[in-house]
Amino acid sequence: MEKEIKVLISACLLGDNVKYSGGNNLTPELVTLLEKYNVKIVKICPECFAGLPIPRVPSEIREDKVYGKDGRDITEEFLIGAEKTYQIAKIKQVDFAILRERSPSCGSSFIYDGSFSGKVIQGQGLTARRLNKENIVIFSEENLEEIEKYLQELNKK
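So, here is what we can say about the structure in this document. Every value quoted in this text rests on a predicted model; they were computed, and no experiment measured them. (Residues numbered from 1 in each chain as written. Predicted model: local features only at pLDDT ≥ 70, side-chain atom pairs only at ≥ 80, totals over all residues. Heavy atoms only, no water.)

**Describing the environment of G118**
Counted only if it meets this: Helical segments are the DSSP runs of H or I of at least four residues, strand segments are the runs of E of at least two, and each set is numbered from the N terminus.
Along the chain, G118 turns up in the loop between β6 (110-112) and β7 (120-122). Residues G118 and N25 lie 93 residues apart in sequence; the distance between their C-alpha atoms is 17 Å.

Take a look at the structure:
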């Protein structure tokens, strides 16, 4: 019998309308890939867990703090969302995570630079940092080939 593989995944990537704009980042190729490997999905949205509204003011990381475009420091909310996400990952014993790239919560390799000008820099969102600290493997929806290789490896175990 195949091992059950559990993945923690940003809900917006599965089509849930939880983005700051009220929309989603549905990635059909990702959904197809997860179905192919019969992966058990654990959906998360750190910003929703933190009680932030949908839609909400866009936010970006600047000098290790999260600010809304309106200038408000919302770092605390993002830290709460990150911690709740980690607790779910721990309880559900997920094998890895797939998080939305460039998000101030979920960006795993890239985030916006905090100037709200669309400029992207290397960095991690607060949830990605929290999961990383616990050695949870993180991919973004932009790394489908790497995700598939990882799923193949997990299936061999």
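**Notes on the pattern of salt bridges**
Put simply, the rule is: Just to be clear on terms, a salt bridge is a Lys or Arg side-chain nitrogen sitting within 4 Å of an Asp or Glu carboxyl oxygen. Throughout, exposure labels follow a simple rule: accessible area from a 1.4 Å probe, protein chains only, divided by the maximum for the residue type, with under 20% read as buried, over 50% as exposed, and the rest as partly exposed.
Here the structure, examined in full by the defined rule, presents 11 salt bridges. Close ionic contact of E141 with R100 constitutes a salt bridge, the shortest N to O distance being 2.5 Å. Of this pair, E141 sits in the loop between β8 (138-140) and α5 (144-156) while R100 sits in the loop between β5 (96-99) and β6; the two residues are 41 residues apart in sequence, bridging distant segments of the chain. Judged by relative accessible area, which is 7%, E141 ranks as buried. Among the ionic contacts, a cluster of salt bridges with common partners joins E83, R130 and E134.

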